[in-house]
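What the coordinates show
Below, each chain spelled out in residue letters.
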Amino acid sequence: MNKPRLLIVDDESGTRDMLERAMSRRGFETRVAANVDEAQGIIARERFDSALLDLKIHHDSGLELIAPLRSSNPRARIVLLTGYSSIPTAVAAIKLGADDYLCKPAGGDQLVAALLGDSGARHEAPPLPDIASAPPSVNRLAWEHIQRVLAENDGNISATARVLGMHRRTLQRKLQKRPKVQ
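What this report covers is the structure whose coordinates are included nearby. Worth saying up front: this structure is predicted, and the values here are computed from it rather than measured.

Once that is clear, we can look at the overall build of the chain. In terms of regular secondary structure, the chain is built from eight helices and seven strands. Burial analysis of the chain (182 residues in total) assigns 38% to the buried set. Here the analysis covers contacts within the chain between residues at least 6 apart in sequence; of these, 60% occur between residues at least 24 apart. Approximately 11,000 Å² of the chain is accessible, and the part contributed by carbon and sulfur atoms is 52%.

Another aspect to go through is the layout of surface pockets. Unfilled space is identified by rolling a water-sized probe across the atoms. Quantified by volume, the largest pocket comes out at close to 470 Å³. Residue assignment for the lining of the largest pocket shows that the elements contributing at least two residues are α1 (13–25), β4 (56–57), α6 (138–152) and α7 (157–164). Here the lining of the largest pocket gets six residues from one element, more than from any other, and that element is α6. Its residues assigned to classes, the lining of the largest pocket shows 14 nonpolar, four polar and eight charged.

With that settled, consider α1. With 13 residues, α1 extends 18 Å from end C-alpha to end C-alpha; this agrees with the ideal 18 Å at 1.5 Å per step. Those residues of α1 not exposed but buried are G14, T15, R16, M18, L19, A22 and M23. Looking one or two residues beyond α1, the residue adopting positive phi is G27, at roughly 95 degrees.

In this structure, L7, V9, L53, L65, L69, I78 and L80 are the most contacted members of the largest nonpolar core, which totals 20 residues. Counting residues per element, the ones that place at least two in this core are β1 (5–9), α2 (36–45), β3 (50–54), α3 (66–72) and β6 (77–82). Per-element accounting of this core gives the leading share, four residues, to α2. If we skip the residues at most four places from it in the chain, L53 touches V9, G62, L65, I66, L69, I78, V79, L80 and L81. In this structure, L6, I8, L81 and L111 belong to the second largest nonpolar core, which totals 15 residues.

The rules behind these values
- Residues numbered from 1 in each chain as written.
- Predicted model: local features only at pLDDT ≥ 70, side-chain atom pairs only at ≥ 80, totals over all residues.
- Heavy atoms only, no water.
- Helix = DSSP H or I, 4+ residues; strand = E, 2+ residues; numbered from the N terminus.
- Buried < 20%, exposed > 50% of the residue type's maximum accessible area, 1.4 Å probe, protein only.
- Contact = heavy atoms within 4.5 Å.
- Areas by Shrake-Rupley, 256 points an atom, 1.4 Å probe, with all protein chains shown as cover.
- 1 Å grid on protein atoms, 1.4 Å probe; cavity = no way out; pocket = protein on both sides within 12 Å on 5 of 7 lines; lining within 4 Å.
- Points joined across faces, edges and corners; volume = space filled by probe spheres on them.
- Nonpolar A, V, L, I, M, F, W, Y, C, P; charged D, E, K, R; others polar.
- Expected span 1.5 Å × (residues − 1).
- Core = buried A, V, L, I, M, F, W, Y, C linked by side-chain atoms within 4.5 Å.

Right under this line is the structure:
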C-alpha cells in the first residue's frame, strides 16, 4: 500500500521539521518547502494527496498555493495552518479551495483527521466541549502549546526546546509551572 504524499510548506524551520517528523510517523510520505517559490517548483514536478500550508510565509501567503495544488490534483486535501487566524482569512481559504483551516498549534492527530477528511475521522459526533466564560490566559495558551510540541517530540526536552527556540533549562522551568485553568 502506498503512503499518502504530503507537502508541508512553512517558513519556520523548527515548525516545518516538527510537522515533517510527526506526519512521517503517522504514515505520510512528506516533502517540505520553506517558501512559496520552492513550493511552486515542487508542485509543478510532483503530485500530492494532501498539503499543510502555513498562512504567512515570509512576505507571501500560503493562499497562493491553493490554486496550483488544486489544479495538479483536484482531489487533494488542503489544510491551511496559521498562528494569525481570522474570519476573513478562513473564508478566503475555503473560497479558494482549502478543505480545512486550523489554528496553530494543532496536534498531530488533529492534523491527520483534517488531512484524511471523512475517511480518517470517526463517524460518531464528538462530545461538545464546555465553553469557558473567559478566554484562556496567555500563560495557559503557552503551556498548552509547549505540551503539544513536547508530545510531538516524544517527551524529548532538548528537541522540544530547539523547536520552540528556547534554552532547555528555560523549558524545564516553564514545565514546572502549570497555569490554572480559568
